[in-house]
Amino acid sequence: MPLTKNATFRQLATFHAVARLGSVSAAADEMHLTQPAVSLQIASLEESARAPLLQRTGRGIRLTEAGQMLDSYARRILGLWREAGEEMATLQGVFSGTLRVGAITTAEYLLPPMLVTFANQHPAVKVNLQVGNRDEIVRMLGSQEIDLAIMGRPPAELKTASTPFAKHPMAFLASPSHELMRNAKSKVTMAQLSEQRILVRERGSGTRATIERLFKDAGLPLRIGSEMSSNEAIKHMCAAGFGVAFLSMHTCVLEMEAGVLALLPMAHNPIERDWYVMRLASRQLPHVAQAFESFLVERGQGEIR
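(A) Looking closely at the overall build of the protein chain. For the protein chain, the count of helices and strands is 11 helices and 11 strands. Over its C-alpha atoms, taken along the principal directions, the protein chain stretches across nearly 75 × 50 × 35 Å. Counting over 305 residues, the protein chain shows a buried share of 46%. Taking all contacts inside the protein chain whose residues are at least 6 apart in sequence as the whole, residues at least 24 apart take part in 73%. Taken as two groups, the 33 positive and 29 negative side-chain charges of the protein chain have centres that lie 3 Å from each other.

Shown next as structure tokens:
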């Protein structure tokens, strides 16, 4: 049944806070309300929705099916209201707002300096950076939890406007003591790599998708020595000589300078790809997101090596 007209903006905001924080007490603290006041707001919203929205469990609170649906709308409604206030401020000559950016895990090594430069130029802007694997960032972009996404290639599952802004070298690396590093005069081949333990990121990550395509295009099997969700763990395992790693070179600058990791001597290593900044094609970006998108495209190539 539809929501009655008695539901209020305040009730939606309170409900979304409880859903996001998973706790009535945490939502009360954030909204500067008492817990009974939060519970009353939720009860009133449930009466308007004619359905329970929350279920209390031994570990806290979880959303019912109706609660999950309503929270997705509440998030968008609240986001639009925030954007409206920020855009009104922009019309009055105040450049402010919240920059909501999502970046794949590898990009956390290169994006922060650019965010700092942009934020220093616009001190009234708040920065909200979400980091996750490729699948997580695509989901956030699709659900409009972020305005811009930074990743290695546009997603096929979403219609996006994507612009390359910097080069992204990815490479096969190994410990200098690894057996494949011993004869620098002989180039390592993909066939030789297929016999080695390869250290890879989890499914859903951009580097994992790239290395799978490389071996598939070569018609060779990918022998996974270890699958990890952390670039740092892969670097440590590789430096210890456990196997060959395939990583973004942005993630291992210090290790290569220290001599604990080295490029494998093979043709076309590193492989050069692009970093993209992307947004939903159907969505008008807030001014602050438009400004950062332009900033990346104009400054990215000059600032990221």
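(B) Structural detail: the state of the cysteines. Counted according to the given criterion, the structure contains zero disulfides. Cys238 takes part in no disulfide bond, and the closest cysteine sulfur to it belongs to Cys252, at a distance of 8.7 Å. On the basis of relative accessibility, which here comes to 0%, the residue Cys238 falls in the buried class. Residue Cys252 is classed as buried on the basis of its relative accessible area of 0%.

(C) Quick look at the packing of aromatic side chains. Considering all chains together, one arrives at six aromatic pairs under this definition. With a centroid separation of 5.1 Å and 70° between ring planes, the pair formed by Phe118 and Phe292 is classed as edge-to-face. Within this pair, whereas Phe118 is found in helix α5 (residues 111-121), its partner Phe292 is found in helix α11 (residues 287-303), the two being separated by 174 residues in sequence. Aromatic side chains Phe172 and Phe246 sit 4.8 Å apart centroid to centroid with 50° between the ring planes, which places their arrangement in the tilted category. Taken together, the residues span a long stretch of sequence, with Phe172 in strand β6 (residues 160-174) and Phe246 in strand β9 (residues 244-248) at a distance of 74 residues. A relative accessible area of 2% means that Phe246 is categorised as buried. Ring pairing ties together the aromatic residues Phe118, Phe292 and Phe295, which thus form one cluster. Positioned above the aromatic ring of Tyr73 is the side chain of Arg76, whose terminal nitrogen or guanidinium carbon lies 4.7 Å from the ring centre.

(D) Structural detail: the nonpolar core. The biggest cluster of nonpolar side chains holds 33 residues, and the ones touching the most others in it are Leu99, Leu111, Ile150, Trp275, Phe292 and Leu296. At the level of elements, β3 (97-104), α5, α6 (134-142), β5 (148-151), β6, β11 (271-280) and α11 are the ones that each hand at least two residues to this core.

(E) Representation of the side chain of Thr251 in the model. Structurally, the position occupied by Thr251 is in the loop between β9 and α10 (253-258). A distance of 2.7 Å separates a polar atom in the side chain of Thr251 from the backbone oxygen of Ser248. Residues within four places of Thr251 in sequence aside, it is in contact with Thr106, Tyr109, Asn231 and Lys235.

(F) Looking closely at the pattern of salt bridges. A complete count under the given rule lists 12 salt bridges for this structure. Residue Glu227 pairs with Arg208 through a salt bridge whose shortest N-O separation is 2.7 Å. Of this pair, Glu227 sits in strand β8 (residues 224-228) while Arg208 sits in helix α8 (residues 206-218), and the two are 19 residues apart along the sequence. Residue Arg208 is classed as buried on the basis of its relative accessible area, which comes to 2%. Residue Glu255 is joined to Lys235 by a salt bridge in which the shortest nitrogen-to-oxygen separation is 3.1 Å. Residue Glu255 is found in helix α10, and its partner Lys235 is found in helix α9 (residues 231-239); the two are separated by 20 residues along the sequence. The network of salt bridges with common partners includes Arg203, Arg208, Glu212 and Glu227.

(G) Representation of the packing of helix α2 (residues 24-31) against helix α3 (residues 35-49) in the model. Between α2 and α3, whose axes approach to 9 Å, the crossing angle comes to 105°. For the element pair α2 / α3, the angle class is roughly perpendicular. Within the contact between the two elements, α2 uses Val24, Ser25 and Ala28 and α3 uses Gln35, Val38 and Ser39. Classifying every residue of the contact of α2 with α3 gives three nonpolar, three polar and no charged.

What counts, and where the lines are drawn
- Note on numbering: residues in each chain are counted from 1, in written sequence order.
- Whole-chain, interface and lining totals are the exception, using all residues; otherwise, since this is a predicted model, local features are given only for residues with pLDDT of at least 70 and side-chain atom pairs are given and counted only at 80 or more.
- The basis for every side-chain value is the complete set of heavy atoms in the structure, and neither hydrogens nor water enter the calculation.
- Elements are defined by DSSP. Helices are runs of H or I of four residues or more, strands are runs of E of two residues or more, and each kind is numbered from the N terminus.
- Accessibility here uses a 1.4 Å probe with only protein chains present; expressed as a share of the type maximum, an area under 20% marks a residue as buried, one over 50% as exposed, and anything in between as partly exposed.
- Residue contacts are counted whenever heavy atoms from the two residues lie within 4.5 Å of one another.
- Positive charges come from Lys and Arg, negative ones from Asp and Glu, while His and the chain ends are left out of the count.
- Note on charges: their place is set at NZ of Lys, CZ of Arg, CG of Asp or CD of Glu.
- Here, two cysteine sulfur atoms that lie within 2.5 Å of each other are counted as a disulfide.
- Note on ring pairs: Phe, Tyr and Trp rings are taken, using the six-membered ring of Trp, and paired if centres are within 6.5 Å. Classes follow the plane angle, with under 30 degrees stacked, over 60 edge-to-face and the rest tilted.
- Charge-over-ring placement is defined geometrically: NZ (Lys) or CZ (Arg) within 6 Å of the ring centre, and within 35 degrees of the ring normal.
- What is meant by a nonpolar core is a set of buried Ala, Val, Leu, Ile, Met, Phe, Trp, Tyr and Cys residues, joined one to another through side-chain atoms within 4.5 Å.
- For the purposes of these results, a polar contact is taken to be a pair of N or O atoms within 3.5 Å, where, inside protein, one atom must be able to donate a hydrogen and its partner to accept one; residues adjacent in sequence count only when each atom of the pair is a side-chain atom.
- Any carboxyl oxygen of Asp or Glu that lies within 4 Å of a side-chain nitrogen of Lys or Arg is treated as forming a salt bridge with it.
- Fitted lines through C-alpha atoms serve as axes, helices being fitted only where they are in contact, and the angles separating the N-to-C directions of these axes extend from 0 to 180 degrees.
- In this scheme, roughly parallel covers angles under 35 degrees and roughly antiparallel covers those over 145, while 65 to 115 is roughly perpendicular and the rest are oblique.
- Side-chain classes follow a simple rule in which Ala, Val, Leu, Ile, Met, Phe, Trp, Tyr, Cys and Pro form the nonpolar group, Asp, Glu, Lys and Arg form the charged group, and the remainder, Gly included, forms the polar group.

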